[in-house]
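Residues per chain are reported as follows:
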Amino acid sequence: MKKWLIGSLFLLFCLGRQFHVGAEQTLQQLIDAAPANSTIRLENKTYVGDIVIRKPLKIVGASHTVIKGSGRGNVVSIQSPHVVLENVTITNSGKSRDTQEEYAGVKVYSNYNTLKAITIKNSFHGIYLSKAHHNRIENVRVVGERNGEIAGQGNGLHIYYSNFNYLVGNTIDGTRDGIFFDYSNKNVVKQNSVSHTRYGLHYMYSDDNEFYKNEFMFNTGGAAIMNSNRIVLKNNKFLFNQGMRSFGVLLQMANDNKMANNEFYQNQRGVYIDQSNNNFLKGNTFLQNQIGVELWASSQNQIFTDNRFSKNITAVLRLGGEDNNQWSGNHWGEEARILDLNQDGKGESPFEYTSSLHKIVEQNELAYLFFNSPSIRVYEKINELLQEEEVMAIDRHPIIEQAGLSLQQMIGWLMIIGTGVFAIVKFQRG
């Protein structure tokens, strides 16, 4: 009985004990020696990777703690569940892609871990989840080689066959893709900021993920959703994503997705939809993009409602033939002349949005490079006068902007025009 009591007390002491790295021990040695579920507190210095964590532990760094890898593997490998890694800088992972494994600053092979307040530099991938579920990645900063070859490095956060993870408040700059999902379902991505990447967000064969309040700026593409279904994108910002084939959001072979209350500002395309069906877009703002929505005829049964288009070079560009998409209750900007005789805020008749730009785009893909040119506006105006534009979208119940003509406004304009005509006729007769 006495031995059991002493053993129990010793175990409780170890579980609550905090271990500090001493000069006589490497970080790996201390990790191996620490009891499960204990806390290791690191000092303000650089420790040698590559370390492997095989038991539940909490590892907390100081303000200037660095873990530096050998350049030949993962700097930190987490193989146990319930590991917490917090407040450290991690650098110098392996970068070769010749082996079967892609290396990372932190590679996670287990479930229910927390990675928080970590900075990762000079690594192939930042954080890589490999068949790892229910993990939390929070307030992590991944810095890539912005001026280097973008294909020669990995992704900020790479999520592979991993489900139910929560990614919040992270900042990624200059990596290949910001956040990459591959065969990963039911993850939540919230309040992240991604810039200067190829694709800020990249989904491949990943379903039922949720994406809220993120910001993507200065990427080649904001979010590329490919072969993925039932994604929710809500209250995100896609800003200044410019390039030859750039976009705010790409839907390609992606079905039953929901996009609501997102902002698309100064992208080459706001939303680009190809070979995708049954997507729902509501309450999104398309402002000063070259193309608000580019919609290929291979995509059918989209629903567009309560979206606001303003000052885009072209609001909608439909390519490849007829479609079967629904437009209802959208705002078409101050330049759209829509009658509202009963002043209920809705147009009295369907609104047809027309454009002629599909002709030059279908004939020459390089036409996208000239969309900001004044000649494009001249081209559109000439085709408008020649009545050679085609209908891109028919909104059954358009919403009136300030420039819409109410009955009173229409009467006012007729009175002004009539007065002007009367004055001119009287002057000529006199």
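Computed from a predicted model, the values in this text were never measured in an experiment. (Residues numbered from 1 in each chain as written. Predicted model: local features only at pLDDT ≥ 70, side-chain atom pairs only at ≥ 80, totals over all residues. Heavy atoms only, no water.)

Student: Would you take a moment to explain the pairing of strand β10 (residues 114-121) for this structure?
Tutor: It is a general feature of regular strands that their side chains alternate between the two faces of the sheet. Looking at chain direction, strand β8 (residues 84-91) and β10 are connected through seven bridges and run parallel. Looking at β10, one finds that Glu 86 is bridged to Lys 116. In this sheet, strand β12 (residues 136-138) lies alongside β10 in parallel orientation, the contact comprising three bridges. Paired with Leu 115 across the strands is Ile 137, a residue of β12. (Pairing = 2+ DSSP bridges. Helix = DSSP H or I, 4+ residues; strand = E, 2+ residues; numbered from the N terminus.)

Student: Looking at this structure, how should I read the pairing of strand β20 (residues 199-204)?
Tutor: With six of six residues buried, β20 lies mostly within the body of the structure. Bridge count between strand β17 (residues 177-182) and β20: five bridges; the pairing is parallel. What sits directly across from Phe 181, in β20, is Tyr 203. Relative to strand β23 (residues 221-226), β20 runs parallel, the two sharing five bridges. Among the inter-strand pairings, Tyr 199 is bridged to a residue of β23, identified as Gly 221. (Buried < 20%, exposed > 50% of the residue type's maximum accessible area, 1.4 Å probe, protein only.)

Student: In this structure, what is going on with the nonpolar core? I would like to understand it.
Tutor: Most often, soluble globular proteins have nonpolar side chains that are buried together. Of all hydrophobic cores here, the largest spans 75 residues; its most connected members are Val 76, Ile 90, Val 106 and Val 249. Here this core takes four residues from strand β35 (residues 314-319), the largest share from any one element. In this view, Val 106 contacts Val 76, Ile 78, Leu 85, Ile 90, Leu 115, Ile 120, Gly 126, Ile 127 and Tyr 128; residues no more than four positions away in its chain are not counted. Core analysis: the next-biggest nonpolar cluster, separate from the first, contains eight residues, Phe 180, Ala 224, Met 226 and Leu 250 among them. (Core = buried A, V, L, I, M, F, W, Y, C linked by side-chain atoms within 4.5 Å. Contact = heavy atoms within 4.5 Å.)

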